[in-house]
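Structural description and commentary
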Amino acid sequence: DTEVTQTPKHLVMGMTNKKSLKCEQHMGHRAMYWYKQKAKKPPELMFVYSYEKLSINESVPSRFSPECPNSSLLNLHLHALQPEDSALYLCASSGGAGGYNEQFFGPGTRLTVL
Amino acid sequence: AQSVTQLDSHVSVSEGTPVLLRCNYSSSYSPSLFWYVQHPNKGLQLLLKYTSAATLVKGINGFEAEFKKSETSFHLTKPSAHMSDAAEYFCVVSDPSGYSTLTFGKGTMLLVSP
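Below: a short report on this structure. Predicted, not measured: the structure shown is a model, and the values here were computed from it.

Cis geometry marks the peptide bond from threonine 7 of chain A to proline 8 of chain A; its omega dihedral reads -10 degrees. A positive phi angle, close to 60 degrees, is found at lysine 40 of chain A, a residue other than glycine. As for its placement among the helices and strands, lysine 40 of chain A is situated in the loop between strand S4 (31–37) and strand S5 (44–50). The phi torsion at threonine 72 of chain B lies on the positive side, around 45 degrees, for a residue other than glycine. The topology assignment puts threonine 72 of chain B in the loop between strand S8 (64–68) and strand S9 (73–78). On the accessibility criterion, threonine 72 of chain B (32% relative accessible area) is partly exposed.

So, in structure tokens, the structure goes:
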């Protein structure tokens, strides 16, 4: 299985809601990532987990809270988001955290904040 | 520090004609280089990667790229464009010595006309 899956595909939420995005991979990868992508822009790194530990947080606001329950799963908990947080959220995984490892991306969750 | 410059924001070709997407990079180390493709409202798919082996890299769907250290370039080519190649293409550099945090170019939109 060489796939990264993400659920849900689409999410619409109000600014007071709490929701979660889910990402799963079964490739035995030990590094997992969250990216945010705005329209017509490249992805921006948010978080990196290596061996289930948070290793990089790119100064992301606390209304985004990542969680890595096990080596196959990555969640992104959302609370009190702003309309400018509307974007495509991409999850990726790689065999290790070394820079020579290519990252495999999921299809993304399209988030709209009203 | 590393950076990527994609020299064209848009490239238009006719179906059956060659494709050239240009990319220049800057890196303090011997970098790993990747090309990813993103179709509308989809995740990113790896086309090919260079990690200091052969300088001419073959990827999926007939794409290839040549690493030229003297020119700090990693241009993507395909002999004959297909309508399904219309998408956004990202040139990406990674520092092999650290965490595989990717530095993305701004992207090149490839338009293919019949």
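Alright, that's what it looks like, and here's the rest.
With that out of the way, let us pick up the packing of aromatic side chains. Per the counting criterion, the structure on display carries 11 aromatic pairs over all chains. Plain terms: the ring middles of tyrosine 25 of chain B and phenylalanine 67 of chain B are 5.7 Å apart, the flat faces sit at 25 degrees to each other, and that makes the pair stacked. Taken together, the residues tyrosine 25 of chain B in strand S4 (residues 23–27) and phenylalanine 67 of chain B in strand S8 connect sequence positions 42 residues apart. Assigned by exposure class, tyrosine 25 of chain B and phenylalanine 67 of chain B land together as buried. Summarising the aromatic geometry, the rings of phenylalanine 90 of chain B and phenylalanine 104 of chain B are spaced 6.0 Å apart at their centres and angled 85 degrees between planes, so their arrangement reads as edge-to-face. A residue pair is termed long-range when its members are at least 10 positions apart, and phenylalanine 90 of chain B in strand S10 (residues 87–94) and phenylalanine 104 of chain B in strand S11 (residues 102–104) qualify at 14 residues. Of the residues examined, phenylalanine 90 of chain B reaches a relative accessible area of 1% and is grouped as buried. An aromatic cluster is present here, built from Tyr33, Tyr35 and Phe105 of chain A together with Phe34, Tyr36, Phe90 and Phe104 of chain B joined pairwise through their rings.

Looking now at the environment of valine 12 of chain A. Residues and elements named next belong to chain A. Its location among the elements puts valine 12 in strand S2 (residues 10–13). Overall, valine 12 belongs to the exposed group, its relative accessible area being 52%. Taking the C-alpha atoms as reference, valine 12 lies 4.7 Å from threonine 112; in sequence the two are 100 residues apart. Look past the residues within four positions of valine 12 in its chain and what remains in contact with it is Thr112 and Leu114.

One can find proline 18 of chain B in the loop between strand S2 (10–14) and strand S3 (19–21). Taking the C-alpha atoms as reference, proline 18 of chain B lies 9.7 Å from histidine 82 of chain B; in sequence the two are 64 residues apart.

The partner chain B presents 23 residues to the 26 residues of chain A that form the contact. Taking both sides of the interface into account, the surface hidden between chain A and chain B amounts to around 1700 Å²; carbon and sulfur atoms contribute 59%. For the interface between chain A and chain B, the tally reads one salt bridge. Between lysine 49 of chain B and glutamate 102 of chain A there is a salt bridge; the shortest N-O distance is 2.7 Å.

Rules of the game
- Residues numbered from 1 in each chain as written.
- Chains lettered and ligands numbered in written order.
- Predicted model: local features only at pLDDT ≥ 70, side-chain atom pairs only at ≥ 80, totals over all residues.
- Heavy atoms only, no water.
- Helix = DSSP H or I, 4+ residues; strand = E, 2+ residues; numbered from the N terminus.
- Buried < 20%, exposed > 50% of the residue type's maximum accessible area, 1.4 Å probe, protein only.
- Phe/Tyr/Trp six-rings, centres within 6.5 Å; stacked < 30°, edge-to-face > 60°.
- Contact = heavy atoms within 4.5 Å.
- Buried area = accessible area lost by both parts, 1.4 Å probe.
- Salt bridge = Lys/Arg side-chain N within 4 Å of Asp/Glu carboxyl O.

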